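Here is what each chain is made of, one letter per residue.
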Amino acid sequence: MSVSSVDAAVTVLRHAPKRVAVFTDFDGTLAAIVDDPASATPLPGAVEALGRLATSIGRVGVLSGRPLTFLAPLFPNDVFLAGLYGLEVRDHGRRRDEPNGARWRDVVATVVADARSGGPHDVDVEDKGLSLTLHYRRHPQRADAAVAWATDAAQRSGLVVRPARQSVELHPPVDVDKGTALAGAAGDVDAVWFIGDDVGDLPAFRVLEQLATSGVAVARCVVGSDETDPVLAAHADVTLDGPKAVVTYLNELADAAGSG
Ligand SMILES: [Mg+2]
């Protein structure tokens, strides 16, 4: 991928903004990483920047591992939301759940209860309804124990393990991820941005790479930090230095979209 694809995407943004889609991750991208996941909030100006973009371009979306119950109150209805990596979607204000995911709710509840009663100590269990996350950010030395417990729980329950930033997640064995969420939401556009910071964002970057081969101008933006996985950095057309830089960048995109 060359920088010229980003230039081509910016050209579309300036001259045909309705033919553009911009998607971003949430944690580590629009919100600073915090020890307690429940307390994460979008950076000042982040929601406003997405709102500005949503009024002028074809599609704006947030693709996250968070549940919709967390995301929906934060963003206006014209921002597309994919929660739990696409198991839950809010599209033009309407919620739509992946039908094959919903039947795993009881299994997830059982594994959450197991993790809380007999899971690895010093690991925080986040119940997301249709998935769960074991966070070891506060005790990074517990990473191996968390992954081992999750792997064992996956074998027992039929859930699947997904690595995430300073955490490990257990999901229903349903073929959705940020790539399928992005592909489903982008529609017929000529330019697509995606901004992310984590290995869970890789499927979205890969979908951009597929779109590029069919002539869509793409911009793969990686939010850099001292935790950035080198695999992710290899996919970057644009590197942004933390969520603050993301807000600045989103406003630059909104400026370009409005400058016709
Ligand atoms: Mg993230």
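Please refer to the structure placed before this passage.
**Q** Explain the packing of aromatic side chains to me, and be specific about the residues and the numbers.
**A** Under the definition given, this model contains three aromatic pairs. For the pair Phe26 and Phe70, a centre-to-centre distance of 5.6 Å together with 75 degrees between the ring planes defines the contact as edge-to-face. Of this pair, Phe26 sits in the loop between strand S1 (20–24) and helix H2 (46–56) while Phe70 sits in helix H3 (residues 68–71); the two residues are 44 residues apart in sequence, bridging distant segments of the chain. Exposure remark for Phe26: the relative accessible area of 0% places this residue in the buried category. Seen from their ring centres, Phe26 and Phe75 are 6.2 Å apart, and the 90 degrees between their planes marks the pair as edge-to-face. Of this pair, Phe26 sits in the loop between S1 and H2 while Phe75 sits in the loop between H3 and strand S3 (80–83), and the two are 49 residues apart along the sequence. No difference in accessibility class separates Phe26 from Phe75, as the two residues are buried. Each residue in the set Phe26, Phe70 and Phe75 is aromatic and connected to the rest through ring pairs, giving one cluster.

**Q** Go over the sheet that holds S1, please, and point to the residues and values.
**A** In spatial order, the strands read S5-S4-S3-S2-S1-S10-S11-S12; together these eight strands make up an open sheet with mixed pairing. For this open sheet the edge positions go to strand S5 (94–97) and strand S12 (238–240), each flanked by a neighbour on one side alone. Ignoring which end each strand starts from, the neighbouring axes of this sheet average 15 degrees apart. Bridge count between strand S2 (residues 59–63) and S3: three bridges; the pairing is parallel. Each bridged residue has a counterpart across the sheet, and for Leu63 the counterpart in S3 is Ala82. The strands touched by helix H8 (residues 202–213) within the sheet are strand S10 (191–196) and strand S11 (217–223), with S11 carrying the most contacts at an inclination of about 160 degrees.

**Q** Residues and numbers for the pattern of salt bridges, please.
**A** Tallying each qualifying case throughout the model produces 18 salt bridges. When the shortest N-O distance is used, the salt bridge between Arg95 and Asp97 registers 2.9 Å. Here Asp97 falls in the partly exposed class, since its relative accessible area comes to 31%. It is possible to trace a salt-bridge network through shared partners that takes in Arg19, Asp188 and Asp190.

**Q** Describe the packing of helix H5 (residues 105–118) against helix H6 (residues 143–157), naming the residues involved and giving the relevant values.
**A** Where H5 contacts H6, the two axes come as close as 11 Å, and the packing angle between them is 145 degrees. The handedness of the crossing between H5 and H6 is right-handed. Touching Val107, Val111, Asp114, Ala115 and Gly118 of H5 are Trp149, Ala153, Arg156 and Ser157, all from H6. When the residues that make up the contact of H5 with H6 are grouped by side-chain class, the tally is five nonpolar, two polar and two charged.

**Q** Explain the coordination of the magnesium ion residue by residue, including any values.
**A** Metal coordination angles have textbook ideals: 109.5 degrees for a tetrahedral set of four donors and 90 or 180 degrees for an octahedral set of six. The magnesium ion binds to the protein through Asp25 (OD), Asp27 (O) and Asp197 (OD), with metal-donor distances spanning 2.0 to 2.1 Å. Between consecutive donors of the magnesium ion, the numbers of intervening residues give the motif D-x1-D-x169-D. Taken together, the residues Asp27 in the loop between S1 and H2 and Asp197 in the loop between S10 and H8 connect sequence positions 170 residues apart. Take Asp27: its relative accessible area is 22%, and that puts it in the partly exposed class. Its relative accessible area of 4% is what places Asp197 among the buried residues.

What counts, and where the lines are drawn
- Residues numbered from 1 in each chain as written.
- Predicted model: local features only at pLDDT ≥ 70, side-chain atom pairs only at ≥ 80, totals over all residues.
- Heavy atoms only, no water.
- Phe/Tyr/Trp six-rings, centres within 6.5 Å; stacked < 30°, edge-to-face > 60°.
- Helix = DSSP H or I, 4+ residues; strand = E, 2+ residues; numbered from the N terminus.
- Buried < 20%, exposed > 50% of the residue type's maximum accessible area, 1.4 Å probe, protein only.
- Pairing = 2+ DSSP bridges.
- Axes fitted to C-alpha atoms, helices over the stretch in contact; angles between N-to-C directions.
- Contact = heavy atoms within 4.5 Å.
- Salt bridge = Lys/Arg side-chain N within 4 Å of Asp/Glu carboxyl O.
- Left-handed = near helix turned anticlockwise from the far one by under 90°.
- Nonpolar A, V, L, I, M, F, W, Y, C, P; charged D, E, K, R; others polar.
- Donors = N, O, S within 2.8 Å, 3.2 Å for Na, K, Ca; no water.

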